[in-house]
Every structure is written in C-alpha cells, then in structure tokens.
Amino acid sequence: MSIANLEVVKSRITKACKRACRSPEEIVLVCVTKGVEPSRINEVLGAGIVHIGENRVQESLSKYNSIADTAIWHLVGHLQTNKAKKAVETFSVIQSVDSLHLVAAIDRESGKLSKVQDILVQVKISGEAQKFGVSPDDADSFIGEMLKYPNIRVLGLMGMAPFSEDPESSRPHFRRLREIFASLKGRTLNNIEMRFLSMGMSQDFEVAIEEGANMVRIGSAIFK
Ligand SMILES: *Cc1c(COP(=O)(O)O)cnc(C)c1O
C-alpha cells in the first residue's frame, strides 16, 4: 500500500522535474514517518528509500531499534534545547534549527560525541502563520554565527509554507526561500555548505520542486 503511494509520489516528482527542466536525481526524498509504525517504515526502506524524517525526538527513540539500520534519520520538527543530547545521538540531520541557543546546545553535545552534526537552518517564510524559524531578514547573520561552532556543519535551509488547500499559494513563499538560499550560496566556507534547500510537503512538493527545492519532506501522500 505505502509502496504503491510511494511510486505515485516518485512519478509526480519526476514530472515536476521535467516541467522545471531539472533531473529527478537532484531531488532527495525524505519520507516523513511521524505517527507511522515501524513495519510500514521498513517497507519503504525495503523499496529503496534512505531518508526518513521524524517530528519528535521521543517518538523517534521509541521506534529507533525497530527500524532498518540503512535509514538516515532527519529531525524535521521543533527541537527543544533540553532534548539536544538525544537528538544528536539519533539524527544524521537536524533540519529544524532555529535559534543560536539551540545551535550552542547541539554543538556542545556533538562535541562530546566527537561528532560533527549536520543541520539545516529553518527559516520562517510564512510570516506569523508559524511559530518556529529564523526570520528571513536574520538568515544571513545567523549563518555567519555558525563559524563559531566547529561541531556542527550547516548543509542548507528548510522552510514551510503556510497551510493551504491550494498548492499554488505556497509558490511565493518557496520563491522567497530559494532567493535567500541563492544569496547565501556564496558563503560556503569552513563548516557552511549550502547544498540543500528543503521545502515542499505532500500538499505542495511539486510547486516546491518547480521553485528549486532539492529536498522534499513527504509524509501523508505516502502513508495515507
Ligand atoms: C509532517 C511534516 C512534513 C510532512 O507533511 P505531510 O503533509 O504529511 O507530507 C514535512 N515537514 C515537517 C516539518 C512536518 O512536520
């Protein structure tokens, strides 16, 4: 069941890439598995999915030992500073980094494990519709601060459009994030590599791809 949905999602990704004159190989599909039981997650891992996204540290820990170890784990939901230790132990990529306070905690915990933690900086492109994320105007100075934290590596940006039934309404928000991403790309240095632009969910991933996303986070369209 999930596999059939997955195939539909993949072909929609391919079609969106064609429209945008892009190659589907550029797009990293992160299957968002919050609320999904391990057997169904292992099913998509068996079908070649590598990246899975979870929303909450606690839920991830409860599933961790039941999930095939080929999985690369992404945290996509808000992270509280007091859970930074568990997050660093569990996730390959923390996509939801939105404060310097949190960066400092992640850096400290990854240092203890001699790990360099890959992160994306979450940018609030949806105005007041969402609580979390660095404001677009602050993104540049926020990225500049990352140089002070040797145990993290910034791999790009993550953002969410405000929820809407109409995918087209996400377009201006995604365009804005792509522009911020493009303006930061020149800042690749030391522990900053602007490689991934993570935007687009079940509702609006095709629009996100048309606007330049190279990482999409898709849950309900696969696990409905
Ligand atoms: C749940 C979630 C997704 C996936 O949403 P779907 O609508 O189920 O595709 C993507 N990103 C984040 C941050 C999420 O919390």
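That block above? That's the structure.
Because the structure is predicted, anything quoted here is derived from the model rather than measured.

Draft legend 1. Quick look at the environment of E145. Relative to the helices and strands, E145 is located in helix α6 (residues 139–145). According to the relative accessible area criterion, E145 is partly exposed, its value standing at 25%. It is 19 Å that separates the C-alpha atoms of E145 and F196, two residues lying 51 residues apart in sequence. Side chain to side chain, E145 and K148 meet in a polar contact 2.5 Å long.

Draft legend 2. Just the packing of aromatic side chains, in detail. If you walk through the whole model with that rule in mind, you get two aromatic pairs. Aromatic pair Y64 and W73: ring centres 4.9 Å apart, planes at 35°, arrangement tilted. For the ring pair W73 and F91, a centre distance of 6.2 Å and an interplane angle of 70° mean the geometry is edge-to-face. One end of the pair, W73, is in strand β3 (residues 72–75); the other, F91, is in the loop between α4 (84–90) and β4 (93–97), and 18 residues separate them in sequence. Residue class for W73 comes out buried when judged on its relative accessible area of 4%. Among the aromatic residues, ring-to-ring pairing joins Y64, W73 and F91 into one connected group.

Parameters at a glance
- Along every chain, residues carry numbers that run from 1 in the direction the sequence is written.
- In keeping with the predicted nature of the model, local features appear solely for residues at pLDDT of at least 70, side-chain atom pairs appear and are counted solely at 80 or more, and the whole-chain, interface and lining totals rest on all residues.
- Side-chain metrics in this entry use all non-hydrogen atoms of the structure; hydrogen atoms and water are not considered.
- Counting from the N terminus, the helices are DSSP H or I runs at least four residues long and the strands are E runs at least two residues long.
- Per-residue accessibility, obtained with a 1.4 Å probe over protein chains only, is compared with the maximum for each type, and a residue is labelled buried under 20%, exposed over 50%, and partly exposed between these values.
- Identification of polar contacts relies on pairs of N or O atoms within 3.5 Å, with a donor-acceptor requirement for protein atoms, meaning one able to donate a hydrogen and the other able to accept it, and with residues adjacent in sequence counted only if both atoms are side-chain atoms.
- Stacked, tilted and edge-to-face pairs are distinguished by plane angle, under 30 degrees for stacked and over 60 for edge-to-face with tilted covering the rest, among Phe, Tyr and Trp rings (Trp via its six-membered ring) whose centres lie within 6.5 Å.

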